[in-house]
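# Working through the structure, step by step
Listed below, chain by chain, are the residues.
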Amino acid sequence: MSSPHQSVPPAKSSHTTDEGTDTGRPSRPGGLRSASPGRLAAIGAVVLAYLAFVVVGTVQDWSLGVRIGLIVPVAVVVWLLVPRRTNTPTPGVHVIGVPRLAYIGVLVLAFCVFFPFVGWPAVLWPLLLAPVIAVWWVVRTHTTVSETGLDLSSMTSTKHLDWARIKGISIPKRGAVRARLDDESEVKLPAVGYDRLRELIEASGGRLPDVFAAAEAAEAERLAAERAAAKTESDAKTEPETKAPSESKDEPESER
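Reading guide: rules and limits
Residues numbered from 1 in each chain as written. Predicted model: local features only at pLDDT ≥ 70, side-chain atom pairs only at ≥ 80, totals over all residues. Heavy atoms only, no water. Helix = DSSP H or I, 4+ residues; strand = E, 2+ residues; numbered from the N terminus. Buried < 20%, exposed > 50% of the residue type's maximum accessible area, 1.4 Å probe, protein only. Contact = heavy atoms within 4.5 Å. Areas by Shrake-Rupley, 256 points an atom, 1.4 Å probe, with all protein chains shown as cover. 1 Å grid on protein atoms, 1.4 Å probe; cavity = no way out; pocket = protein on both sides within 12 Å on 5 of 7 lines; lining within 4 Å. Points joined across faces, edges and corners; volume = space filled by probe spheres on them. Nonpolar A, V, L, I, M, F, W, Y, C, P; charged D, E, K, R; others polar. Patch = residues over 30% accessible without salt bridge, like charges linked within 9 Å, V, L, I, M, F, W, Y side chains within 5 Å. Salt bridge = Lys/Arg side-chain N within 4 Å of Asp/Glu carboxyl O. Expected span 1.5 Å × (residues − 1). Axes fitted to C-alpha atoms, helices over the stretch in contact; angles between N-to-C directions. Parallel < 35°, antiparallel > 145°, perpendicular 65-115°, else oblique. Core = buried A, V, L, I, M, F, W, Y, C linked by side-chain atoms within 4.5 Å.

## As for the overall build of the protein chain
Broken down by element type, the protein chain carries 8 helices and 8 strands. Counting all 256 residues of the protein chain, 30% fall into the buried class. Restricting to contacts in the protein chain with at least 6 residues of sequence separation, those with at least 24 account for 62%. Accessible surface, the protein chain: about 15,800 Å² in total, of which carbon and sulfur atoms supply 63%.

## Points about the layout of surface pockets
It is a probe the size of a water molecule, rolled over the atoms, that shows where empty space is left. In this structure, the largest pocket encloses a volume near 1,300 Å³. Looking at the largest pocket, it is lined by 33 residues, and the ones nearest its centre are V47, Y50, L51, P131 and V132. Those elements giving two or more residues to the lining of the largest pocket turn out to be α1 (37–59), α2 (64–69), α3 (71–81), α4 (102–119) and α6 (129–140). In terms of residue count, the dominant contributor to the lining of the largest pocket is α1 (9 residues). Of the residues in the lining of the largest pocket, the class split is 30 nonpolar, 2 polar and 1 charged.

## Quick word on a nonpolar patch on the surface
A cluster of nonpolar side chains, contributed by L64, I68, I71, V72, V76, W79 and L80, occupies part of the molecular surface with about 700 Å² of accessible area. Looking at the nonpolar patch, the elements with two or more residues in it are α2 and α3. With 5 residues, α3 is the single largest residue contributor to the nonpolar patch. One can find V76 in helix α3. On the basis of relative accessibility, which here comes to 43%, the residue V76 falls in the partly exposed class.

## Side note on the pattern of salt bridges
Counting across every chain of the model gives 5 salt bridges. For R165, the salt bridge identified is with D182, shortest N-O distance 4.0 Å. Taken together, the positions of R165 in the loop between β5 (158–162) and β6 (166–170) and D182 in the loop between β7 (178–181) and β8 (186–188) put the pair 17 residues apart, joining distant regions of the chain. Exposure remark for R165: the relative accessible area of 29% places this residue in the partly exposed category. The partner of R180 in a salt bridge is E186, with the nearest N and O atoms 2.8 Å apart. A residue is classified by how much of its surface remains accessible, and R180, at 14% relative accessible area, is buried. Using a relative accessible area of 30% as the deciding quantity, one classes E186 as partly exposed.

## Thoughts on α4
Counted at 1.5 Å a residue, the expected span for α4 with its 18 residues is 26 Å, and the 27 Å between its end C-alpha atoms agrees. All of the buried residues in α4 are V106, V113 and F117. Looking at the buried positions of α4, the neighbouring elements they touch are α1, α5 (121–124) and α6.

## Some words on the packing of α1 against α3
Where α1 meets α3, the axes come as close as 10 Å, and the angle between the chain directions of the two elements is 175 degrees. By the criterion of interaxial angle, the relationship of α1 to α3 is roughly antiparallel. Residues R39, A42, I43, V46, V47 and Y50 of α1 form the contact with α3, whose participating residues are I71, V74, V77, V78 and L81. Of the residues belonging to the contact of α1 with α3, the class tally is 10 nonpolar, no polar and 1 charged.

## Topic: the nonpolar core
Core analysis: the largest hydrophobic core is formed by 21 residues, its most contacted members being L150, L161, L189, L197 and L200. When residues of this core are assigned to their parent elements, the largest contribution, 4 residues, is made by helix α7 (residues 197–203). If we skip the residues at most four places from it in the chain, L150 touches T144, V145, K159, H160, L161, W163, I166, L189 and L200.

As structure tokens, this is what we get:
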């Protein structure tokens, strides 16, 4: 595991464990990740319409209360468009996504772009799209582990990888973990960094080997070999010291 680039072949398994989402709860259908493209387009249209209203209102010098007050009905509409979660967990499905703490960063970003926008709204209104793009990145970036394989979702595309195509995993020095395919190509696993690798291995249900256990075993073997070498060297040093006194005792007897 100390190597900056490592390829690990997947182990064979006919099962997978029932895992949870990136928050540890069972994965359930619902939320923006399960929304249809039409519903996502509707949500995006509502948000963009509100941003356009804010831009026009700022340029036309509308009342601040009118511009900000419309955010309440917009939030209600978006909440109604978001699919509701069900109480039935999806067995054998585990979603590794961007941690929800990233939304705090989105709020900080929205706070930072608000002040430049107020200072020059006619030109800097595109800055308001930055928090929207950040939310889209958090929602869309994830890797889903299931019995059929891996489903990769990025900001602009989705891709499915069957377990039969996955030859191993590659751990680069920086960036996301990659899946090595049977054609020797590599595909990035969205939201799966080194810190989420153990989660990916456990969710695979044995299809990917436990590289952490292998690394610990290799480290234990190395330490055992070092101890054995040190003991051998110590025994080699003490052996001449034990012979020297015996030779000094035999010398007076030979003179007599």
